[in-house]
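Overview (structure and organization)
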Amino acid sequence: MLNDLDLAASLVRGAGLQAAAMRRIGLSTTRKTSVSDLVSDADQAAEQLIVDRLRDARPDDGIVGEEGTSFAGTRTWFVDPVDGTYNFVSGLPFWCSAVALVDEQGPLLAAVYHVESDELWLGGRDTPTTCNGVSVHVTDGRPLAELSLASYLHPATLPDDGVRLPLLRVLRAAATVRMLGSGSVELAFLAGGRLGGWVHYDAPDWDWLPGAALVLGAGGATHVTDVGGHRWHIAGSRHVVDEITALLENR
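As a convention, each chain's residues are numbered from 1 in the sequence order in which they are written. Residues qualify for local features only when their pLDDT is at least 70, as the model is predicted, and side-chain atom pairs are given and counted only at 80 or more; totals for whole chains, interfaces and linings, by contrast, use all residues. The basis for every side-chain value is the complete set of non-hydrogen atoms in the structure, without hydrogens or water.

Strands qualify as paired when DSSP identifies two bridges or more between them. Each helix is a run of DSSP H or I of at least 4 residues and each strand a run of E of at least 2, with the numbering of both proceeding from the N terminus. In space, the five strands of this open sheet follow the order S12-S11-S13-S15-S14, with mixed pairing throughout. Two strands close off the open sheet at either side, each with one partner strand: strand S12 (176-178) and strand S14 (221-227). Going from strand to strand, the sheet's axes swing by 25 degrees on average, the running direction of each strand aside. Inspection of the sheet shows S14 paired to strand S15 (residues 230-236) by seven bridges, in the antiparallel sense. Within S15, the residue paired with Val224 across the bridge is His233. Any two residues whose heavy atoms approach within 4.5 Å at even a single point are treated as in contact. Here the axes come from fitting lines to C-alpha atoms, over the contacting stretch only for helices, and the angles between their N-to-C directions go from 0 to 180 degrees. Packed on one face of the sheet, helix H4 (residues 161-173) meets strand S11 (148-150), S12, strand S13 (197-201), S14 and S15 and runs near 20 degrees to S15. Sitting on the sheet, helix H5 (residues 183-191) is in contact with S11, S12, S13 and S15, with an inclination near 155 degrees to S13.

In structure tokens, the structure reads:
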């Protein structure tokens, strides 16, 4: 029987490759909450693939999936079958398949498969993070002013001072800003030292937990704080997380 990490790896690789194959044939897509919030038949099929394998391999575990799967259990697998669906259906390379296993202490381990580069990221609380088997580490010892920051700002939230003003305080402090459109890809890249910091508001668990586990396994830090009526998710080195938190809280 596969251990949890090997199981997670097989889940995301299988889901990601299936989604890519379905895209080559042709996708059917619908909107969820906005023109940019899409779901495709590949998202749904990839989630079903992961759920079926988990129900067979870990019948006592819970599952929470972005596309609606919900089973209770002592431990819970959070599933994002295609993270970055807008990118995925548009032919942009920043999308992935991601899972995280969470227990009563928080994120235990995660797997993120970036299909376009064939990079499999694995790691977690007790498992040093790797990319294709090579150990990685977050960028440490440098301030935000010398680092790239990944974030996101939806056009519909621009009038919301509770989002815009705290976020602008952080963005102004970074060396440069990247918005790749896939939280798990961004957090995996952060774990590998390709990005220096990460901050998103109101991130769903399936967008946050897989990447957060990778960051922790790569020697980084994570934090969640409430500012301006929104819940902010932060990742990076310990210094960068503290710096971003202070900027968000305007102190």
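The next point concerns the sheet that holds strand S5 (residues 76-83). Read across the sheet, eight strands follow the order S4-S3-S5-S6-S7-S8-S9-S10 without closing on themselves; strand pairing throughout is mixed. Lying at the two open borders of the sheet, with one neighbouring strand each, are strand S4 (70-71) and strand S10 (134-135). Note: strand S3 (residues 62-65) against S4, two bridges, orientation antiparallel. Considered in S4, the bridge of Ile63 is made with Phe71. The sheet strands contacting helix H2 (residues 41-57) are S3, S4, S5 and strand S6 (96-103), and the helix crosses S5 at an angle near 155 degrees. Helix H6 (residues 205-217) contacts S3, S5, S6, strand S7 (106-114), strand S8 (119-124) and strand S9 (127-131) of the sheet and is inclined by roughly 100 degrees relative to S7.

All right, on to the pattern of salt bridges then. Once the charged atoms of two side chains with opposite charge are near each other, the side chains can pair. The term salt bridge refers to a pairing of a side-chain nitrogen on Lys or Arg with a carboxyl oxygen on Asp or Glu at a separation within 4 Å. Per the stated rule, a full pass over the model turns up 11 salt bridges. Taking the shortest distance from any N to any O, the salt bridge between Arg13 and Asp118 comes out at 3.4 Å. Within this pair, whereas Arg13 is found in helix H1 (residues 4-25), its partner Asp118 is found in the loop between S7 and S8, the two being separated by 105 residues in sequence. We call a residue buried when its accessible area falls under 20% of the maximum for its residue type, exposed when it is over 50%, and partly exposed in between, using a 1.4 Å probe and counting protein chains only. Among the residues examined, Arg13 registers a relative accessible area of 31% and is labelled partly exposed.

As a volume, the largest pocket reaches approximately 920 Å³. Every element with two or more residues in the lining of the largest pocket is listed here: strand S1 (29-34), strand S2 (37-40), S5, helix H3 (85-90), H5, S13 and H6. Classification used: nonpolar for Ala, Val, Leu, Ile, Met, Phe, Trp, Tyr, Cys and Pro, charged for Asp, Glu, Lys and Arg, polar for all others including Gly. For the lining of the largest pocket, the per-class residue count stands at 12 nonpolar, 12 polar and eight charged. Grid spacing is 1 Å over the protein atoms alone, the probe is 1.4 Å, and a cavity is where that probe fits but cannot get out, while a pocket is an open set with protein on both sides within 12 Å along at least five of seven lines and lining residues have an atom within 4 Å of a point. Grid points are joined across faces, edges and corners, and a volume is the space filled by probe spheres set on the points.

Another aspect to go through is the pairing of S8. For S8, the tally of buried residues reaches six of six residues, placing the bulk of the element in the interior. Of the two faces of S8, the one lined by Glu119, Trp121 and Gly123 and the one lined by Leu120, Leu122 and Gly124 are each fully buried. Here S7 hands over to S8 after four residues, with Asp118 in that stretch at a positive phi of 55 degrees. Taking the residues that link successive antiparallel strands as the turn, the S8-S9 hairpin has two residues.

The next thing to look at is the environment of Thr29. Relative to the elements of secondary structure, Thr29 occurs in strand S1. Separated by 10 residues in sequence, Thr29 and Val39 have C-alpha atoms that sit 5.6 Å apart. Contacts of Thr29, omitting those with residues within four sequence positions, involve Val39, Ser40 and Val89.

That's the geometry; what it means functionally is another story.
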